[in-house]
Amino acid sequence: MFGKLTIEALPLYSAIAAGGAAVTVGGALLVALVLTWLKAWKYLWTDWLTSVDHKRIGIMYIVLALIMLLRGFIDALMMRAQQAMALNAGGYLPPEHFDQIFSSHGTIMIFFMAMPFMTGLINLIMPLQVGTRDVAFPWLNAVSLWLTAAGAALVMVSLVIGKFSTAGWTGYPPYSGIEHNPGVGVDYWIWAVLISGIGSTMSGINFMVTILKRRAPGMTLMRMTPFTWTALCASVLMVFTFPAITVACGLLALDRVAGMHFFTNAHGGNMMNYANLFWIWGHPEVYILVLPAFGIFSEVVATFSRKRLFGYESLAYATAAIAFLSATVWLHHFFTMGASANVNAVFGIATMIIAVPTGVKVFNWLLTMYRGRIDFHPSMMWSIGFIVTFVIGGMTGVLLAIPPADFLVHNTTFLVAHFHNMIIPGVLFGYLAGYMYWFPKAFGFELNRGWGAASFWCWLIGFYLAFMPLYLVGLKGMPRRMETYNDPTWQPYLMVAALGAVVVLCGIVSMVVQLYVSIRDRKLAADRTGDPFDGGALEWSTSSPPPPYNFAVLPTVGDREPFREAKKNGTAYRRPASYTPIRIPSNTPAAVILGGFAFVLGFAVIWHIWWLVVVSAIAMFITVIARSSDDHAEFTLSAGEVKRIEDERFRQLGGRA
Amino acid sequence: MSEHEREETETQEQRNLGFWLYLMSDAVIFALLFATYAIMIRGTDGGPTGKQLFDLNNAALETVLLLVSSTTFGFASLSARTGNRGGAIGWLAVTFLLGVGFVFLEVREFAGMIAVGAGPDRSGFLSAFFTLVGTHGVHVTMGLLWILIMSAQIVLKGLTAPVVSRLYRLGLFWHFLDIAWVGIFSIVYLPGLL
Amino acid sequence: MEQHGLRTYLIGFVLAVVLSVIPFWLVATHALPPRRTLLIIGIAALLQVMVHLRFFLHLNFRTTPKENMLALMFTTLMIFIMVGGSYWIMFDLHQRMMT
């Protein structure tokens, strides 16, 4: 009836595990309590959970990402604490628990923090930047969100019921196969990744069609914003490379559930093919994450240097080059698996070549800042911190691209330092810069600058303290993922690293305080014009937040910075002669219901509750058919209602119009 | 063209591009399953090989069924485009029956192999075979369900613009599956029986 | 039924049948050495895929939207890199690692 699920699944075997479960359950209950106290359930359901509006979906993605950032960071703190104290000792975490923590840390940060953060920012801003009312497939957009949330929910539930994977965020067989890992941990990982991966593939399709077919009249590809360019290239990568991880995880699932032999030791399995398939996705994935961050930096640096972006065309071509090349380098993740020198050399050279277009971008950003009038808004600080720190990481990357060098440091903390040195300044600083840059657009008031700056400095200093020692101790020979060690010369480095994690914690606390202070003072920092930083792209021409239809009259574009042009010509903030009715897709529960059943399906497969698998699959099927048969899932905003909303906007603008 | 008609056309173009991109991502999945199959051909673990298991006549019959069904679907599309309800439903029914025939032959083939101990859990080679060919078969089955749903929609709503446009996307799907089958008999069955 | 459209499907059908019969017959009769047969199977397959694209999917450089055509070409390139790369890597590993 309940498959493998029994009372033993509760984490009562360890105080720490029970604590984690208590915090998870307690946190969920607290949220439910607050919602009940605020009587906000109906509002949440009708205005948010059933929404198909890209702006709302974007915000929900970012909320998910920030919550998962907290969870993933707690994992990081626990690991740093363990390693700082575990010299010739067991520390406070037994090996199996430590293994779950490093596995969930990586899985959460990549799939449930970085991907949703990126998807959320693209969702929120890209349709505004291309001058359209919504993405091409609003309902599919909502489905992507709820599938991602279902995956995140599976990871969170693993804290309470059962255990998470101990096979790392990459899940290599044969260790992750059923013979060596018969528990539910790896299955939680597989289904969280598979379900959210489907969501990501669909988002990629949605964004591609939106950017290719829904741009405002006059907006040629070379007139798009840099962020939209990077969103397009990242979306192309999403569509074409996520299938690889679907195959990798799918085949692993077949091995585990159906006794197949894709990656088993015996019976004709080939476990090296898993690494091959996984990294065909895995390498492009990190470019999926970093390219939109580069796009954000392009916009932020230009805006806060009060200068036109330098070298727009080279940035566009560099982005496309990076995207294409990223699909040709994947073997560098397994140089040491045993391929011949020729194979290693080809992929090593390809890896180095990717650094070139990235370097082009760095020069473009520097030259944009040169002779600009810099405004040190926190987003600009994140950008400058990124440029310096990311370049260091890039250099260690070029070093790692040399196979013989990689043989010495593969899977040491040197590697761990390298990829954090790319992802934290590259991806995370970029998204935090975007978060602080576009927050006023989303909510109508600015974030507190002082606390933003504090957060930045803590993150920057904390990052260096946490990861520079890892380069050094990696060169001294320390492997990654170690729960205990016996070389006393390593410990001082690990203690500095732990200190760095604490400093980053201060950065995260600063962000939370920033949010509280900004909400408290929102009337003082209100964005009444929609253009708090004198931006040039179309999103700044709307109110903050924008109306549901984005633009009462769809813009026509003749320039790379259409809004700045309009401001210069005096054509900005013009009232149209009349308004026309606007059709808007209706809210629907179908997407969140689909996500809910996806969660149940995943949970049921993990615990071998087969009847529930069938039931939830049928339920998902029926939901999709019912929704797809609906030909008129939209309502019309009358011209009068549009006028009312627009009149309020012009009233807020005061003397501008 | 009125404003409304222009928006409708744009919406359909976007849906067609979106569906086409989905098919491209599916093509990558199939390509990687093909690659995995090729990598695992020798992984028979001393067990049954393709030469011993595959039946040329069965593969030929499946090929005929699928190819004819692609053609009859084309006839259904033509009927739909000229507003011929009866023709559309009729040719969809023929396509459906041919597709059912294909799935029946494939299930029988799989059952036969499992009965002689050559199931997907016997060896890596067989895991790859069953997954590649089986994934195609599952897609065909989904297509058959979709044909039923489209037939119902034609009966209930008639050949409206949204219905015809959905039928077009089903056509893309169905023809794509026939292309995948060309790959399957060319990479799995024919070389296996050589 | 519309005559012009009907002809397209029938031509496609006939071509596809021919391009299927040839490889099947070669395997059934073992008329040619295996290497040669494999080559013909491959060429017939590629040609038949193009027949399907042209006559069933109506892909052409005039009426097909350029985004769709580009997507198809990009997919072909990606598949070539991923499958080709995988095959090269795994074959190389097989030689060195016996796996």
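Residues numbered from 1 in each chain as written. Chains lettered and ligands numbered in written order. Predicted model: local features only at pLDDT ≥ 70, side-chain atom pairs only at ≥ 80, totals over all residues. Heavy atoms only, no water.

### Thoughts on the packing of helix H8 (residues 272-305) of chain A against helix H11 (residues 378-400) of chain A
Residues and elements named next belong to chain A. Where H8 contacts H11, the axes come no closer than 9 Å and their chain directions differ by 125°. When the axes of H8 and H11 are compared, the pair comes out oblique. H11 is crossed by H8, and the crossing has left-handed handedness. Along the contact surface, H8 presents Val290, Phe294, Phe297, Val300, Val301, Phe304 and Ser305, while H11 presents Ser379, Met380, Trp382, Ser383, Phe386 and Phe390. (Axes fitted to C-alpha atoms, helices over the stretch in contact; angles between N-to-C directions. Helix = DSSP H or I, 4+ residues; strand = E, 2+ residues; numbered from the N terminus. Parallel < 35°, antiparallel > 145°, perpendicular 65-115°, else oblique. Left-handed = near helix turned anticlockwise from the far one by under 90°. Contact = heavy atoms within 4.5 Å.)

### Comments concerning the interface of chain B and chain A
Listed as interface residues are 35 residues of chain B and, on the opposing side, 36 residues of chain A. Interface area for chain B against chain A, summed over the two sides, is near 2800 Å², with a carbon-plus-sulfur share of 67%. Viewed at the interface, chain A and chain B are joined by two salt bridges. Here Glu7(B) makes a salt bridge to Arg583(A), at a shortest N to O gap of 3.1 Å. Our enumeration of links across chain B and chain A arrives at nine residue pairs in polar contact (both at pLDDT 80 or more). Among the secondary structure elements, those contributing two or more residues to the side of chain B that touches chain A are helix H1 (3-40), helix H5 (124-157) and helix H6 (161-192) of chain B. (Buried area = accessible area lost by both parts, 1.4 Å probe. Salt bridge = Lys/Arg side-chain N within 4 Å of Asp/Glu carboxyl O. Polar contact = N/O pair within 3.5 Å; in protein donor to acceptor, adjacent residues only side chain to side chain.)

### With respect to empty space enclosed by the protein
Residues and elements named next belong to chain A. Counted under the stated rule, the structure contains two cavities of 30 Å³ or more. For the largest cavity, the calculated volume is near 60 Å³. Taken together, Pro226, Trp229, Thr230, Ser298, Leu309, Tyr312, Leu315, Ala316, Thr319 and Lys361 form the lining of the largest cavity. Counting only elements with at least two residues in the lining of the largest cavity, the list comes to helix H7 (226-258) and helix H9 (312-326). Of the residues in the lining of the largest cavity, the class split is six nonpolar, three polar and one charged. There is about 50 Å³ of room inside the second largest cavity. In this structure, the second largest cavity is lined by Tyr61, Phe111, Met115, Pro116, Thr119, Thr148, Gly199, Ser200 and Ser203. Looking at the lining of the second largest cavity, the elements that each hand over two or more residues are helix H4 (95-130) and helix H6 (185-213). If you tally residues by element for the lining of the second largest cavity, the top one is H4, at four residues. Tallied by class, the residues present in the lining of the second largest cavity amount to four nonpolar, five polar and no charged. (1 Å grid on protein atoms, 1.4 Å probe; cavity = no way out; pocket = protein on both sides within 12 Å on 5 of 7 lines; lining within 4 Å. Points joined across faces, edges and corners; volume = space filled by probe spheres on them. Nonpolar A, V, L, I, M, F, W, Y, C, P; charged D, E, K, R; others polar.)

### Notes on the domain arrangement of chain C
Where interface size is given, it is often the accessible area lost as the parts come together that is meant. Residue and element names in this part refer to chain C. Along its sequence, chain C is organised into domain 1 (1-64) and domain 2 (65-99). Counting residues at the interface gives six residues for domain 1, matched by six residues for domain 2. When domain 1 packs against domain 2, close to 420 Å² is buried across both sides, 85% of that on carbon and sulfur atoms. By the criterion of area lost to domain 2, the three top residues of domain 1 are Leu59, Phe61 and Thr64, representing 83% of everything that side buries. In this assembly, domain 1 and domain 2 are joined by zero salt bridges. Linking domain 1 to domain 2 there are one residue pair in polar contact (both at pLDDT 80 or more). Partitioning the side of domain 1 that touches domain 2 into residue classes produces three nonpolar, three polar and no charged. (Domains from an automatic or database assignment.)

### Some details on the interface of chain B and chain C
Chain B puts 41 residues into the contact, and the matching count from chain C is 39 residues. Here chain B is connected to chain C by zero salt bridges. Inspection of the chain B/chain C interface yields one residue pair in polar contact (both at pLDDT 80 or more). When residues of the side of chain B that touches chain C are traced back to their parent elements, those giving at least two are H1, helix H3 (56-81) and H6 of chain B. Among the elements that take part in the side of chain B that touches chain C, H3(B) stands out by supplying 14 residues, more than any other. Among the residues making up the side of chain B that touches chain C, the classes are represented as 27 nonpolar, 10 polar and four charged.

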